[in-house]
Amino acid sequence: MNNRERIINLVKGEPVDRKPFFLYFGLWGETAERWKKEGLSLSDEPYAVDRAFGLDTGIWCAPIDLGYFPAFKEEIVEDRGDTFVMRNHLGILQLVHKHSAVFPHHLENPVKCREDWIRLRDERLNPDTPGRIPDTIDEWVRNAEKNHAVIQIGSYPYGLFGTLRDMIGVENLLYWFYDEPELIAEMMDYLTIFWLSIYEKALEHMRIDVIHIWEDMSGKSGPLISPAMIREFMAPNYRRIRDFADKHGIPIMVVDTDGNVTQMIEPFMEAGVNMMIPFEVQAGCDVVEYAKKYPDLLIMGGFDKRVLWDGCGPEDIDKELERLKPLFAPGVKYCIAPDHLVSPETSLANFTYFIEKVKTML
């Protein structure tokens, strides 16, 4: 059984020979540099980490542009010594630290009123703009199929809440759910139609196995909007996406959102989602309990990445894997993975131990 068959059978509840095992989230750039210094031979090719550790092919994201086209010009607006103000490709004005990996601080977002949205929509969100699907797509598809990859469309930063958060800014977006609900609904409706139009074009070149929706709409205490608001504002368009997936035989619809997702699982599943990631342990996610309560949901992640960090060792990794052991039972819809990108605090020795130990459990 190849890994595409394995993953699709797992999500459908059909027999598999073993659990899939691949790195969906990958590494921070600093992590890769550390491991090279610690002796890992690692190329710059896509999915090189999976190959380096002998993992499955996994899920490959098709190189199709679902965002601003053209993107905003990245430029430095002001140099402030240890920091500088820059505009990124999403049109967000950011304060960036020159000598630190600290996340940039957002100063201004591109949409501050309906007129800004209309201009952005008309200038940069036309699904028919040439170039969204690269000329090399057929070659990419042949390589994906040769490797039995699961083909995904959609990735960061494309989702209903997620994309609007970047357009409007998280604080203003939360106000707009109350002050401008019709505009929020209009924007979500347009984005959904926009993406489905691009998906339709992509299907002329490839099969699609996964539709990925990036949201990042929760923190340690739960979602930034209530389950009722998810059902009111987001679920109707999720159902449109699910209907499109069913019509075209696309088996997996996945939501990627950090933080504590406990209150979000049911409204998303009601709207057609059948896979979620990454289930951050430090935010309170317990994938063992979720798997008992939601047996139809494919869970990926939920392994506490912190037990791989400096100061931890094999006994900490063993303890965490023992906690997750029930999820390796036949019939449980689970793919093990660290609960986000593998961070630079992770030694090559710890990660190698983790990989080899998991291989004995599949």
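Calculation rules
- Residues numbered from 1 in each chain as written.
- Predicted model: local features only at pLDDT ≥ 70, side-chain atom pairs only at ≥ 80, totals over all residues.
- Heavy atoms only, no water.
- Phe/Tyr/Trp six-rings, centres within 6.5 Å; stacked < 30°, edge-to-face > 60°.
- Helix = DSSP H or I, 4+ residues; strand = E, 2+ residues; numbered from the N terminus.
- Buried < 20%, exposed > 50% of the residue type's maximum accessible area, 1.4 Å probe, protein only.
- Arc of directions from axis to C-beta.
- Contact = heavy atoms within 4.5 Å.
- Pairing = 2+ DSSP bridges.
- Right-handed = clockwise from strand over helix to strand, strands pointing away.

Any chance you could explain the packing of aromatic side chains here in plain terms?
How two aromatic rings sit relative to each other is set out by the distance from centre to centre and by the angle between their planes. In the structure shown here, the tally under the stated rule is 22 aromatic pairs. For the pair phenylalanine 53 and phenylalanine 351, a centre-to-centre distance of 5.2 Å together with 75 degrees between the ring planes defines the contact as edge-to-face. You can see phenylalanine 53 sitting in the loop between helix H3 (48-52) and strand S1 (59-61) and its partner phenylalanine 351 sitting in helix H13 (residues 348-359), a full 298 residues away along the chain. What makes phenylalanine 53 buried here is its relative accessible area of 7%.

Got a minute to help me understand helix H4 (residues 114-124) in this structure?
Buried within H4 are the following residues: Asp116, Trp117, Leu120 and Arg124. Down the axis of H4, the buried side of the element spans an arc of 100 degrees, and every buried residue falls inside it. Opposite the buried face of H4, at more than 90 degrees from it, the exposed residues are Glu115 and Asp122. Where the residues of H4 are buried, they touch helix H6 (160-168) and helix H8 (181-202).

How should the pairing of strand S10 (residues 252-257) be read in this particular structure?
The side chains of a regular strand alternate, first on one face of the sheet and then on the other. Counting buried positions along S10 gives 6 out of 6 residues, so the element sits mostly inside the fold. Burial of the side chains of S10 extends over both faces: Ile252, Val254 and Asp256 are buried on one face and Met253, Val255 and Thr257 on the other. Looking at chain direction, strand S7 (residues 210-214) and S10 are connected through 5 bridges and run parallel. Within S10, the residue paired with isoleucine 213 across the bridge is valine 255. Bridge count between S10 and strand S11 (residues 275-278): 4 bridges; the pairing is parallel. Counterpart to aspartate 256 in the pairing with S11 is isoleucine 277. Taken together, S10, helix H10 (residues 265-270) and S11 constitute a β-α-β crossover, and its handedness is right-handed.

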